[in-house]
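What follows is each chain in one-letter form.
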Amino acid sequence: MNRIEAVSSNYIKDLLPPVDHFDSHMDTDVIEQDTRTLLVYPPPPVQASITLTYADLECLKPEEFLNDSILDFYLKYIHHELMSPALREKTHLFNSFFYKALTQPAKKEPKKDPAAKKLNPSERMHQQVKKWSKSIDLFSKDYIIVPINEHSHWYLAIICYPWLEAPHFEENPNWKPSQKRSERDGETEPDEKDIDGVLSKAREHSTMPPITCRPCVLMFDSLVANGRNRVVSNIRNYLAVEWKTKSERGPRSFTKNNFPGIFVEGPLQENFCDCGVFLLQFVEKFFESPITDYRFPVERKDWFSQQDITKKRESIRKLIVRLGPNKQFANADR
């Protein structure tokens, strides 16, 4: 989403400098279009900081869509301030432009770019973002956060355990498969499908012990209850090329069988404007209340409520105020 420039003077009046900082003849339009820097986070010398202006606060009002600046700011805040050093080291955060850069049409047609002629579609996509991970070993991470915006809608992918090639099961010698529902009560169990359309693994809860960690792509979307096959496929293809070009651990395939997409059944939004807030809440709750069992289906419908989402807008605004001009962020570069 584009940065929102117009901002209500009533909404930000508590953030503006004292009146004597302004020319007494200053037009009110100056306040309503205030693009002065309010916050740089994390502060220098940390690289890849997010710059917020007073105007960015407009999108934190009720029934407004979050813009990329606010979203990237709060994701960085979660990463820098709310995670332990150990968890932060094991988590990589892509910003809100990564997926768009990965999937955008190539700037040069292959026939006009000799080097691109030798690349397959997945390699051409990877070529567009290869610099994003040039100094990072993504396969040393447990989690990779990928915020996505398509058609003015925010949703989330979290890549889990990309270094792992098979699920890890809980060691429990007392675990035994449970009877199928059809055997228990005579009902016919409908075929369920995972995000990739593979035949149902939803009954994993009854056929295998808990999975403590699993190579997969978790999808969180507050507007729809399933889907995003294309996104999962694009991410798998990206990881396959990343592994091929940077890993020295031998050949490896990334398929829907060994690296599945899992659509997390979480809270759904009640309007069309809260998707960005839901995305932030999904990320925060994912690390606050970690998933401990990756068997299908993964349900987190009680993670938070619509009331929590409403409060989240105001809490982020207050956070920006607290971290405002000339404030020091003690934990930003831990």
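The model shown is predicted, which means the values in this text are computed figures rather than measured ones. (Residues numbered from 1 in each chain as written. Predicted model: local features only at pLDDT ≥ 70, side-chain atom pairs only at ≥ 80, totals over all residues. Heavy atoms only, no water.)

(A) Main features of the packing of aromatic side chains. On inspection of all chains with the given rule, the structure shows 24 aromatic pairs. Note on Tyr41 and Phe73: the rings are 5.5 Å apart at their centroids and 80° apart in plane angle, and the pair reads as edge-to-face. Residue Tyr41 is located in strand β1 (residues 37-41), and its partner Phe73 is located in helix α3 (residues 68-82); the two are separated by 32 residues in the primary sequence. Through pairs of rings, three or more aromatic residues link up here, namely Tyr143, Tyr161, Trp163, Phe220, Phe278, Phe282, Phe286, Phe287, Tyr294, Trp303 and Phe304. Across from the ring centre of Tyr155, 3.8 Å away, lies the NZ or CZ of Arg228, which sits over that ring. The ring of Trp243 carries the charged tip of Arg252 above its face, separated from the ring centre by 5.0 Å. (Phe/Tyr/Trp six-rings, centres within 6.5 Å; stacked < 30°, edge-to-face > 60°. Helix = DSSP H or I, 4+ residues; strand = E, 2+ residues; numbered from the N terminus. Lys NZ or Arg CZ within 6 Å of the ring centre and 35° of its normal.)

(B) Examining the layout of surface pockets more closely. For the largest pocket, the calculated volume is near 750 Å³. Around the largest pocket, the lining comprises 24 residues; the ones closest to its centre are Ala48, Lys76, His79, His92 and Leu93. Of all elements in the fold, only α3, α4 (85-89) and β3 (91-93) reach the threshold of two or more residues within the lining of the largest pocket. When residues in the lining of the largest pocket are grouped by element, the largest group, four residues, is from α3. In the lining of the largest pocket, the residues fall into eight nonpolar, eight polar and eight charged. (1 Å grid on protein atoms, 1.4 Å probe; cavity = no way out; pocket = protein on both sides within 12 Å on 5 of 7 lines; lining within 4 Å. Points joined across faces, edges and corners; volume = space filled by probe spheres on them. Nonpolar A, V, L, I, M, F, W, Y, C, P; charged D, E, K, R; others polar.)

(C) Examining helix α11 (residues 306-322) more closely. With 17 residues, α11 should cover 24 Å at 1.5 Å per step; its first-to-last C-alpha distance of 25 Å lies within 8% of that length. Most pronounced at Lys312, the bend in α11 amounts to some 25°. The complete set of buried residues in α11 reads Gln306, Ile309, Lys312, Arg313, Ile316, Arg317, Leu319 and Ile320. (Expected span 1.5 Å × (residues − 1). Bend = angle between axes of the 7 residues up to and from the residue. Buried < 20%, exposed > 50% of the residue type's maximum accessible area, 1.4 Å probe, protein only.)

(D) How the structure looks around the side chain of Asn234. Relative to the helices and strands, Asn234 resides in helix α9 (residues 229-246). When sequence neighbours within four positions are dropped, the list of residues in contact with Asn234 reads Tyr99, Leu102, Thr103 and Met125. (Contact = heavy atoms within 4.5 Å.)

(E) Examining the packing of α3 against α11 more closely. At a minimum axis separation of 12 Å, α3 and α11 run at an interaxial angle of 75°. Considering their axes alone, α3 and α11 lie roughly perpendicular with respect to each other. Where α3 abuts α11, its residues Ile70, Phe73, Tyr74 and Tyr77 lie against Lys312, Ile316, Leu319, Ile320 and Arg322. Looking at the contact of α3 with α11 residue by residue, the class counts come to seven nonpolar, no polar and two charged. (Axes fitted to C-alpha atoms, helices over the stretch in contact; angles between N-to-C directions. Parallel < 35°, antiparallel > 145°, perpendicular 65-115°, else oblique.)

(F) Quick peek at unusual backbone geometry. A cis amide bond links Tyr41 to the next residue, Pro42, at an omega of -15°. Turning to its location among the elements, Pro42 is positioned in the loop between β1 and β2 (50-53). A cis amide bond links Pro44 to the next residue, Pro45, at an omega of 10°. By the element assignment, Pro45 lies in the loop between β1 and β2. Positive phi is not limited to glycine here, since Ser152 has a value of about 60°. With respect to the secondary-structure elements, Ser152 resides in the loop between β4 (143-150) and β5 (153-160).

(G) A look at the state of the cysteines. A full pass over the atoms with the stated rule returns zero disulfides. Not part of a disulfide, Cys273 finds its nearest cysteine sulfur in Cys275, a span of 7.9 Å. Note on Cys273: relative accessible area 8%, which makes it buried. Relative accessible area serves as the criterion here: at 1%, Cys275 is assigned to the buried category. (Disulfide = S-S within 2.5 Å.)

(H) Looking closely at the pattern of salt bridges. Here the structure, examined in full by the defined rule, presents 12 salt bridges. The residue Glu314 makes a salt bridge to Arg317 at a minimum N-O spacing of 2.9 Å. Of the two residues, Glu314 and Arg317 are both situated in helix α11; the distance of three residues between them amounts to about one turn of the helix. We classify Glu314 as partly exposed; its relative accessible area is 30%. Note on Arg317: relative accessible area 11%, which makes it buried. (Salt bridge = Lys/Arg side-chain N within 4 Å of Asp/Glu carboxyl O.)

(I) Representation of the packing of α3 against helix α10 (residues 275-288) in the model. Direction vectors running N to C along α3 and α10 enclose 10°, while the axes themselves pass 10 Å from each other. When the axis of α3 is compared with that of α10, the two are roughly parallel. Contacts from Leu71, Tyr74, Leu75, Ile78 and Leu82 of α3 reach α10 at Gly276, Leu279, Leu280, Val283 and Glu284. Its residues assigned to classes, the contact of α3 with α10 shows eight nonpolar, one polar and one charged.

(J) How the structure looks around the confidence of the model for the protein chain. Overall, the predicted model of the protein chain reaches an average pLDDT of 81, with 74% of residues at or above 70. Mean pLDDT across the elements of the protein chain ranges from a minimum in helix α1 (residues 9-12), with 36, to a maximum in β3, with 98. Counted against residues more than four places away or in other chains, residues 1-32, with its pLDDT under 50, gives 62 contacts. Segment residues 180-193: pLDDT under 50, and 16 contacts once partners within four positions in sequence are set aside and those in other chains are kept. (pLDDT = per-residue confidence, 0-100.)

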